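Examining the three-dimensional arrangement
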Amino acid sequence: MLDFFTIFSKGGIVLWCFQGAGVTESFTGPVNALIRSVILQERSGNNSYTHEALSLKYKLDNEFELIYVVGFQKILTLTYVDKFIDDVQLHFRDRYKNELEQKGALKLLNNNYEFEDDFKMLLREAEDSSKSEKSQKTVKSMIETKGGDKTKERSGKKNKNTKKEGECCSPAAEPVKKMVENGNQGLTADEIVQKNIEEFVRKRLVRPTEKPSKSPKPQKPKEKQKRVWDMGGSRSEKLDYSGRNGDGSPNGGEQNPEGQIDLLSSMKGDLLYVDYESSKEEDVCLIFGGMFGMLKGLVGSKSLTREDMESVLDKMRDHLIAKNVAAEIASQLCDSVAKKLEGKVMGTFTTVASTVKLALQDSLVQILQPKRRVDILRDVMEAQSQRRPFVITFCGVNGVGKSTNLAKISFWLIENGFTVLIAACDTFRAGAVEQLRTHQRRLNSLHPPEQHGGRPVVQLYEKGYGKDAAGIAMEAIAYARNQVFDVVLVDTAGRMQDNAPLMTALAKLIAVNMPDLVLFVGEALVGNEAVDQLVKFNQALADHSMSDRPRLIDGIVLTKFDTIDDKVGAAISMTYITGQPIVFVGTGQTYNDLRSLNARAVVSALMKA
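Residues numbered from 1 in each chain as written. Predicted model: local features only at pLDDT ≥ 70, side-chain atom pairs only at ≥ 80, totals over all residues. Heavy atoms only, no water.

Along its length, the protein carries 20 helices and 15 strands. In the protein, which comprises 609 residues, the share counted as buried stands at 42%. For the protein, long-range pairs separated by at least 24 residues make up 74% of all intrachain contacts whose partners lie at least 6 apart in sequence. As displayed, the protein offers around 35700 Å² of accessible surface, 52% of which is attributable to carbon and sulfur atoms. (Helix = DSSP H or I, 4+ residues; strand = E, 2+ residues; numbered from the N terminus. Buried < 20%, exposed > 50% of the residue type's maximum accessible area, 1.4 Å probe, protein only. Contact = heavy atoms within 4.5 Å. Areas by Shrake-Rupley, 256 points an atom, 1.4 Å probe, with all protein chains shown as cover.)

The next subject is the sheet that holds strand 3 (residues 48-51). Ordered in space as 2-1-5-4-3, the five strands form an open sheet in which the pairing is antiparallel. Looking along the sheet, the strands with just one partner apiece sit at the ends: strand 2 (14-19) and strand 3. Between one strand axis and the next, the sheet turns by 20° as a mean value, whatever way the strands run. Looking at chain direction, strand 1 (residues 4-9) and strand 5 (residues 66-73) are connected through six bridges and run antiparallel. Looking across to strand 5, one finds that Ser9 is bridged to Leu66. (Pairing = 2+ DSSP bridges. Axes fitted to C-alpha atoms, helices over the stretch in contact; angles between N-to-C directions.)

A few words on the UniProt feature "domain: SRP54-type proteins GTP-binding" (unreviewed entry) in the protein. Within this structure's numbering, the places UniProt gives as "domain: SRP54-type proteins GTP-binding" (unreviewed entry) are residues 581-594. The straight-line gap between the two end C-alpha atoms of residues 581-594 is 16 Å; of that span, 0% is helix and 43% is strand. (UniProt positions renumbered as here; feature names shortened; annotations may be inferred.)

Across the sheet, eight strands lie side by side as 10-9-11-8-12-13-14-15; this open sheet has mixed pairing. A single partner strand is all that each edge strand has here, and the edge strands are strand 10 (458-461) and strand 15 (594-595). Bridge count between strand 13 (residues 555-559) and strand 14 (residues 582-586): three bridges; the pairing is parallel. Across the sheet, Leu558 pairs through a bridge with Val585, a residue of strand 14. Along the sheet, helix 14 (residues 402-415) makes contact with strand 8 (390-395), strand 9 (420-425), strand 10, strand 11 (487-492), strand 12 (517-523), strand 13, strand 14 and strand 15, crossing strand 11 at roughly 170°. Contacts from helix 16 (residues 469-482) reach strand 8, strand 9, strand 10 and strand 11 within the one sheet, and its direction differs from that of strand 9 by about 165°.

The end-to-end C-alpha separation of helix 17 (residues 500-513) is 20 Å, in line with the 20 Å expected for 14 residues at 1.5 Å each. Turning to helix 17, its buried residues number three or more, namely Met503, Leu506, Ala507, Leu509, Ile510 and Asn513. The arc enclosing the buried residues of helix 17, seen along the axis, measures out at 155°, which places them on a common side. In this structure, the buried side of helix 17 is in contact with strand 8, strand 9, helix 16, strand 11, strand 12 and helix 18 (529-543). Of the residues one or two after helix 17, Met514 is the one with positive phi, at around 45°. (Expected span 1.5 Å × (residues − 1). Arc of directions from axis to C-beta.)

Before going further, it helps to examine the pattern of salt bridges. Within the structure shown, the criterion is met by 20 salt bridges. A salt bridge links Lys508 to Asp468, with the nearest nitrogen and oxygen atoms 3.5 Å apart. Of this pair, Lys508 sits in helix 17 while Asp468 sits in the loop between strand 10 and helix 16, placing them 40 residues apart in sequence. Assessed through its relative accessible area of 41%, Lys508 is described here as partly exposed. Salt bridges here are not isolated pairs; linked through shared partners, they connect Arg306, Glu310 and Asp335. (Salt bridge = Lys/Arg side-chain N within 4 Å of Asp/Glu carboxyl O.)

Turning our eyes to something else, we now look at the nonpolar core. Counting 116 residues, the largest nonpolar core has Ile376, Trp412, Leu413 and Phe584 as its most contacted members. Considering every element that reaches this core, the biggest residue donor is helix 12 (residues 352-368), with nine residues. With near-sequence residues (within four places) excluded, Phe584 lies in contact with Leu271, Ile376, Ile409, Trp412, Leu519, Ile556, Val557, Leu558, Leu594 and Arg595. (Core = buried A, V, L, I, M, F, W, Y, C linked by side-chain atoms within 4.5 Å.)

What follows is about the environment of Asp308. By secondary structure assignment, the location of Asp308 is in helix 10 (residues 306-322). Separated by 45 residues in the primary sequence, Asp308 and Ala353 place their C-alpha atoms 9.7 Å from one another. There is a polar contact of 3.0 Å between the side chain of Asp308 and the side chain of Thr305. (Polar contact = N/O pair within 3.5 Å; in protein donor to acceptor, adjacent residues only side chain to side chain.)

This brings us to the pairing of strand 1. Burial runs high along strand 1: six of the six residues are buried. In strand 1, alternate side chains face the same way, and those of Phe4, Thr6 and Phe8 on one face and Phe5, Ile7 and Ser9 on the other are all buried. Alignment of strand 1 against strand 2, held across five bridges, turns out to be antiparallel. Looking at strand 2, one finds that Ile7 is bridged to Trp16. In this structure, the hairpin formed by strand 1 and strand 2 is closed by a connection of four residues, where Gly12 is found at a positive phi of approximately 100°.

Time to look at the packing of helix 18 against helix 19 (residues 569-578). Viewed as axis vectors pointing N to C, helix 18 and helix 19 meet at an angle of 30°, and their least axial separation amounts to 9 Å. It follows from the interaxial angle that helix 18 and helix 19 lie roughly parallel. With respect to the hand of their crossing, helix 18 and helix 19 are arranged in right-handed fashion. Between helix 18 and helix 19, the contacting residues are Ala530, Val531, Leu534, Val535 and Asn538 on the first element and Ser573, Met574, Ile577 and Thr578 on the second. (Parallel < 35°, antiparallel > 145°, perpendicular 65-115°, else oblique. Left-handed = near helix turned anticlockwise from the far one by under 90°.)

Turning next to helix 15 (residues 432-446). When the terminal C-alpha atoms of helix 15 are compared, their 22 Å separation across 15 residues agrees well with the 21 Å that a helix rising 1.5 Å per residue should span. Those residues of helix 15 not exposed but buried are Ala432, Val433, Leu436, His439, Gln440, Leu443, Asn444, Ser445 and Leu446.

Bringing the environment of Arg378 into the picture now. Tracing the sequence through the fold places Arg378 in helix 13 (residues 376-385). Overall, the relative accessible area of 45% leaves Arg378 in the partly exposed class. Among the polar contacts listed, one links the side chain of Arg378 to the side chain of Asp379, at a separation of 3.4 Å.

Attention now goes to the packing of aromatic side chains. Scanning the entire structure with this criterion turns up 18 aromatic pairs. Between Phe4 and Phe27, the aromatic rings sit 4.9 Å apart at their centres with planes inclined by 15°, giving stacked as the arrangement. Taken together, the residues span a long stretch of sequence, with Phe4 in strand 1 and Phe27 in the loop between strand 2 and helix 1 (28-39) at a distance of 23 residues. Overall, Phe4 belongs to the buried group, its relative accessible area being 2%. Seen from their ring centres, Tyr68 and Phe92 are 6.2 Å apart, and the 85° between their planes marks the pair as edge-to-face. With a gap of 24 residues between them, Tyr68 in strand 5 and Phe92 in helix 2 (residues 81-95) connect regions that are remote in the sequence. The pair Tyr68 / Phe92 is uniform in exposure class, with both members buried. One aromatic cluster is present, built from ring pairs that chain together Phe5, Trp16, Phe18, Tyr68, Tyr80, Phe84, Phe92, Tyr96, Tyr113, Phe115 and Phe119. (Phe/Tyr/Trp six-rings, centres within 6.5 Å; stacked < 30°, edge-to-face > 60°.)

The following block contains the structure:
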């Protein structure tokens, strides 16, 4: 029934393993996938993991730093696995306690763990108990069914009899029913009459409340005086800027970039990190306050249990939700921390609250630090060596700032010496193409073609409105290849995650053009909605893909980060759901307001009391 069972240390040393009869495939692949995707990513809140055709269950032993993993075919329903893995853990610990207490990898390797006989005995007992439980349930259900039929028959007869009796004595039953309905259950007729008299007298004695006097009519406010602006002029023609760019220059002309360049600093090289300033006074313990709380939570050299951490974890969960972490993600994080600490031996002068807080901080940092680093500058140079453009597609819901942050990323790429082609594939929203054309004109004014050999550093590829977005993106990529552009930025229409036709169109655009990077643009203001958006976007891309390995979201652009103060929970929710890094952070409204994520700064803001 079981494919394999293995016991290994958190350092990667396999102490003992078992492989089922007839199983020829190695279990290193599933176990390595479990380590990469769950244990290293701090996602151990749920003790099950699915890898291809196998279902894996695991248990962490934090006292001896061991991991127990069992694997079986996912089509099977093995109810005894959870109890079985607990029994194996207890037997293995009891038998090899002295060997496991020896510290050091070499000492673990030198020990011989003969555990096969005990394992087979435990497996046999677990399977037998599971079979007996099933048979007992079957017999019990049969007995209940037969008994239920008899009861039904008896109750049916009883109902008939009661119906006849009810017909005979219905007039006598009516007054009783009325008394019960009036809330006078258990009172005699005389008592009810006395009660009604008392209520009547009480109502008559109470004086009626005086009506409040009418408020005086408010005085008529003075009319608003017209404001006369300094140098405002009196002619409306001076306010007409329809044929101008806002600074007096006509639409076709170039703006003078000198004043704008002074306002924008250089963005060459890697982006700066998001900063968060926290004083030492603010960086206090989250759960308890004062010396009394410190002494109250002290633990003296004992192993932690789930009951010890329950109250602290509940407060942690509420704190994370208040900081905008999705409720589901907050619960999973706290469960993961509990499993990580359960059974761990604490020091003498250590509090449960401080231990849980440190473990949660480490978990949050681990989640925010991506399992793979997205280095766009390096990838663009690699695409240059292959004589092809590097293609980035932006997607997301309505109004999150896709076009604005696309323009910021364009400016950053231009500052690093690359040429950019913007593909206007939002053929739905009115004004989308004009917005991108305005950004293109401004970016070219900041980097005039005269400084780049007479060639504009950024161009817009557009075919108007109502066209097929996937076709426009394909034509833009072909045009960029012919005109030797370094990067193609594909702007798509905003769409809600529940809009099936638009989600199908997005999946088609990505499947047909196969961009190098698919970035989801989400705002930092969302809470629980972040989970729904990302899950459904990924699900739509997977469902409508023609490939066995569909292209999903590769990274996240987190916008409006300057509007949330320390409520930075959306960053945790988005990264936890996708397992993908936050590549860019939007922190304002100018082209310079683009940063990369600083995991420790975000966690510091998140843990601030």
